[in-house]
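Close look at the chain arrangement
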Amino acid sequence: MNEMIELIEDDADERMGKSIGTMHASFARIRTGRAHPSLLDPIEVPYYGADTPLNRVATITVEEARTLVITPWEKNLIPQIEKAILKSDIGITPASSSEKVRVPLPALTEENRRDLARHARHEAEAARIAIRNIRRDAIHEVRELLKEKEVAEDEERRAEQQIQTITDRRVKEVDAALAAKEADLMEI
């Protein structure tokens, strides 16, 4: 097989994998009924004049199934951590003591679960669109090689089939991840 076609296929597969990775990161930020430290990943706190991710200035642990405990490395960060959590759009209210910030997660209502599942479906669709765009770009590159007579027509057809096979496999990964996330969200 043509080396250039292999490079195009490998690049497309890698880029599709990155799209799926982005979707998984988005899924991690969608709250389920259980506490998970990744829920606080988007939160940044002012630390010596720079906004710093919370997990870089504190230890985040799970206490019981629905409570996160944030232990800052410097005690004077507790008020900033509380403010940052309140300002974020995750909809939770922290409670602090002199040493730690506790973040109790309220139980999800049926309506909340449906909204979160809708958000998960939106993220999955964005990943599918990204994968299809990558497929389109890869097929375009292969057709350019055919135009420039660097590959034969049968090689071009095989490459397009291979790119479609890669695309189908990656879309199935998205669908499986979405099904798992929806099941997780609907679990009471």
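Here's what I pulled together on the structure shown here. (Residues numbered from 1 in each chain as written. Predicted model: local features only at pLDDT ≥ 70, side-chain atom pairs only at ≥ 80, totals over all residues. Heavy atoms only, no water.)

A few points about the environment of Glu 123
- Residue placement: Glu 123 occurs in helix α3 (residues 110-147).
- For Glu 123, a relative accessible area of 19% corresponds to the buried category.
- Each C-alpha atom, one on Glu 123 and one on Thr 22, is 9.1 Å from the other, the two residues being 101 residues apart in sequence.
- Leaving out residues up to four positions away in the same chain, Glu 123 has contacts with Met 23, Ser 26 and Phe 27. (Helix = DSSP H or I, 4+ residues; strand = E, 2+ residues; numbered from the N terminus. Buried < 20%, exposed > 50% of the residue type's maximum accessible area, 1.4 Å probe, protein only. Contact = heavy atoms within 4.5 Å.)

Examining the pairing of strand β4 (residues 67-72)
- In terms of burial, β4 is a largely internal element, five of the six residues being buried.
- In this sheet, β4 lies alongside strand β3 (residues 58-63) in antiparallel orientation, the contact comprising six bridges. Residue pairing for β4: Thr 61 is matched across the bridge by Val 69.
- Where β3 folds back onto β4 in an antiparallel hairpin, the turn is made up of three residues, including Glu 64, whose phi is positive at roughly 60°.
- As defined by bridge partners, β4 adjoins strand β6 (residues 101-104) across four bridges and the pair is classed as antiparallel. If you follow Ile 70 over to β6, its bridge partner there is Val 101. (Pairing = 2+ DSSP bridges.)

Here's the deal with the pairing of strand β2 (residues 50-53)
- In this structure, strand β1 (residues 44-47) lies alongside β2, joined through four bridges in antiparallel fashion. From the neighbouring strand, Glu 44 faces β2, where its bridge partner is Pro 53.
- Turn length for the β1-β2 hairpin, with the two strands adjacent in sequence and antiparallel, is two residues, and the turn residue Tyr 48 shows positive phi of about 50°.

Regarding the side chain of Thr 167
- Along the chain, the position of Thr 167 falls in helix α4 (residues 153-186).
- Dropping the residues within four chain positions of it, Thr 167 is found in contact with Met 16, Ile 131 and Arg 135.

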